[in-house]
Amino acid sequence: MMSNKAKMIVDKDFKIGEVDKRIYGSFIEHLGRAVYGGIYEPGHPQADEQGFRGDVMELIKGIDVPIVRYPGGNFVSGYNWEDGVGPVESRPKRLELAWMTIEPNLFGLNEFMDWCRKANTEAMMAVNLGTRGPNEARELVEYANHPSGTYLSDLRASHGYKQPHNIKTWCLGNEMDGPWQIGAKTAAEYGRIAAETGKVMKWVDPTIELVACGSSSLGMKTFPDWEATVLDLCYEQADYISLHQYYGNRDKDSANFLAQSMGMDSFINTVISTADYVQAKKRSKKKINLSFDEWNVWYHSNEADRQIERWSVAPPQLEDVYNHEDALLVGCMLISMLKRADRVKMACIAQLVNVIAPIMTANGGAAWKQTIYYPYMHASIFGRGTALVPLIQSPKYDAKDYTDVPYLESVAVHNEEKGEVTVFAVNRHLTDSLPLEVDLRSFGDCRLIEHIVLEHDDLKAANTIDAPDRVAPHTRGSAAVDGSRIEATLGKASWNVIRLKLA
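## Let's talk about the nonpolar core
For step 1, the next point in the chain: With 164 residues, the main nonpolar core has Phe112, Trp115, Trp170, Tyr190, Phe292, Trp295 and Met337 as its most contacted residues.
For step 2, the next point in the chain: Among all residues touching Trp170, those that are not within four sequence positions of it are Met125, Val127, Leu140, Val141, Ala144, Asn145, Met201, Ile208, Glu209, Leu210 and Val211.

Structure representation (structure tokens):
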């Protein structure tokens, strides 16, 4: 066991910020089996009258997902939203160039909004700024949100949706700096079209919020000049700037893999600095917040995806089978966002079902929870309230890409309404447990509700259709509370949720 103890001090007055529940959002793209065979599979034994899979719906409700981004992703840059509305039998089949498949358009905007209502979630709708522009975007807002009395709002009513959908959150395109993107743009080209598109969208509905595209990842050569130029051009129209980042353990170096959330920390801080620089330059009172609307582990399925035959319908694309260490990094990434809850106001784990997802299904068969389902669920359910500054002392290690990596990654959230404090903690040490002392000095006496632990002896253990519970949490954690002090031992390579009731 490690000789060094980790210590954390948490004070109720040292607030990072309120946690916006939308930080626990997700993403459904017309890609692979996310829609067809994922959330939507008519004829499945558990499908409802609209073809929505009930077993999948229950697993999604178990996470309490507050917002879901749709319909893409790379897909949106070649998508005509009109293809997905109206009588299903007259909708066109299209070549889908982002993922080299055929899109049958059996599921579109109205089906998605029906699904959102049943799943108790809201929509984050993306507009196509690859092959289209301001005109099609304003028409989509009119179709979706205008009450009645115009061609497009009445067209929606004729499709069976008299009441407007009132979609409040909109993405101005997707990853527009990526050369893989249909209609990729320079920062100046994108900043201008984003400004003009945002302008007319808000003229149609002044109540909406808009997310401008940031760089496609931390590794883009354009980062962070892209953010500075784009925000300079569309600062008045944008409310958020997006961040996208995926991590993988391609080198089979688990200690380095678990340190990668430190890169996420610096990514978030750089985007905040860049947005604040543009604010200062413009002498603006408005602060741009962050929408981390694509994040996850993604690398397992890369080789399998190269084998997929072009022009098939809903092939099994991007179907990463996640293992225990992936769940630990997902936990660290959630903590990373909570540590900047003052500015990260929305986030979407990409994606929700089958495609690099916490939930997997078999067509016509079962649905099950991947390893990453658990930290995501725990954070969403127990991580609502005010994120508190974690003053941490921890033993550290050096990895290939990062130095001074703390073995303890942790944050606490105070839910004043429920009278609870939740400590989320990852022990990054691969072989040793970590003694932890948490000082909640300003909270007075506390009582332990439970100490949930996700751990496994095999970092590569995964959940499959045949063994859906191989990696699953238990409540046998060691945490003990004495007044306002917690003593716990965090098992090697473990995700921990320590829940406390305040006196």
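## Structural notes on the layout of surface pockets
For step 1, the next point in the chain: By volume, the largest pocket is sized at about 600 Å³.
For step 2, the next point in the chain: Taken together, 28 residues form the lining of the largest pocket, with Asn74, Trp99, Trp180, Trp298 and Leu318 sitting closest to its centre.
For step 3, the next point in the chain: Sorting the residues of the lining of the largest pocket by element identifies strand E10 (240-247) and helix H9 (302-305) as the ones contributing at least two each.
For step 4, the next point in the chain: Per-element accounting of the lining of the largest pocket gives the leading share, three residues, to E10.

## Structural notes on a nonpolar patch on the surface
For step 1, the next point in the chain: Where nonpolar side chains cluster on the molecular surface, the patch consists of Leu95, Leu97 and Met100 and spans about 270 Å² of accessible area.
For step 2, the next point in the chain: Topologically, Leu97 is positioned in the loop between strand E5 (94-96) and strand E6 (101-103).
For step 3, the next point in the chain: Taking relative accessible area as the criterion, Leu97 reaches 46% and is therefore assigned partly exposed.

## Structural notes on unusual backbone geometry
In most cases, non-glycine residues show a negative phi, while peptide bonds are predominantly trans.
For step 1, the next point in the chain: Put simply, Tyr70 and Pro71 share a cis peptide bond, and its omega is 0 degrees.
For step 2, the next point in the chain: Its place among the elements puts Pro71 in the loop between strand E4 (67-70) and E5.
For step 3, the next point in the chain: Here Phe223 and Pro224 are connected by a cis peptide whose omega angle stands at -5 degrees.
For step 4, the next point in the chain: You can see Pro224 is positioned in the loop between strand E9 (209-212) and helix H6 (225-234).
For step 5, the next point in the chain: At Ala314, a position not held by glycine, the phi torsion is positive, near 45 degrees.
For step 6, the next point in the chain: Of note, Ala314 is situated in the loop between H9 and helix H10 (324-338).
For step 7, the next point in the chain: The backbone phi angle of Ile356 is positive, close to 30 degrees, even though this residue is not glycine.
For step 8, the next point in the chain: Looking at where Ile356 falls in the secondary structure, it is placed in the loop between strand E12 (344-349) and strand E13 (359-361).

Cut-offs applied
Residues take numbers from 1 onward in each chain, read along the sequence in its written order. Two thresholds apply to this predicted model, a pLDDT of at least 70 for residue-level local features and 80 or more for giving and counting side-chain atom pairs, whereas whole-chain, interface and lining totals are computed over all residues. Hydrogens and water are ignored here; the side-chain numbers use all heavy atoms of the structure. In plain words, nonpolar cores are sets of buried Ala, Val, Leu, Ile, Met, Phe, Trp, Tyr and Cys residues tied together by side-chain atoms within 4.5 Å. A simple rule labels every residue: compare its accessible area, found with a 1.4 Å probe on the protein chains alone, to the largest value its type can have, and call it buried under 20%, exposed over 50%, or partly exposed in between. Every residue pair with non-hydrogen atoms within 4.5 Å of one another is taken to be in contact. Here a cavity means grid points, on a 1 Å grid over the protein atoms only, where a 1.4 Å probe fits yet cannot get out; a pocket means an open set of points with protein on both sides within 12 Å along at least five of seven lines; lining residues are those with an atom within 4 Å of a point. Grid points are joined across faces, edges and corners, and a volume is the space filled by probe spheres set on the points. Working definition: helices are DSSP H or I runs of at least four residues, strands are E runs of at least two. Numbering for both runs from the N terminus. Residues forming no salt bridge and having over 30% relative accessible area are the ones grouped into patches, like charges within 9 Å of each other and nonpolar side chains (Val, Leu, Ile, Met, Phe, Trp, Tyr) within 5 Å. We get accessible surface area from the Shrake-Rupley algorithm with a probe of 1.4 Å; when it comes to residues, only the shown protein chains can shield them. Salt bridges are defined by distance alone: a side-chain nitrogen of Lys or Arg within 4 Å of a carboxyl oxygen of Asp or Glu.

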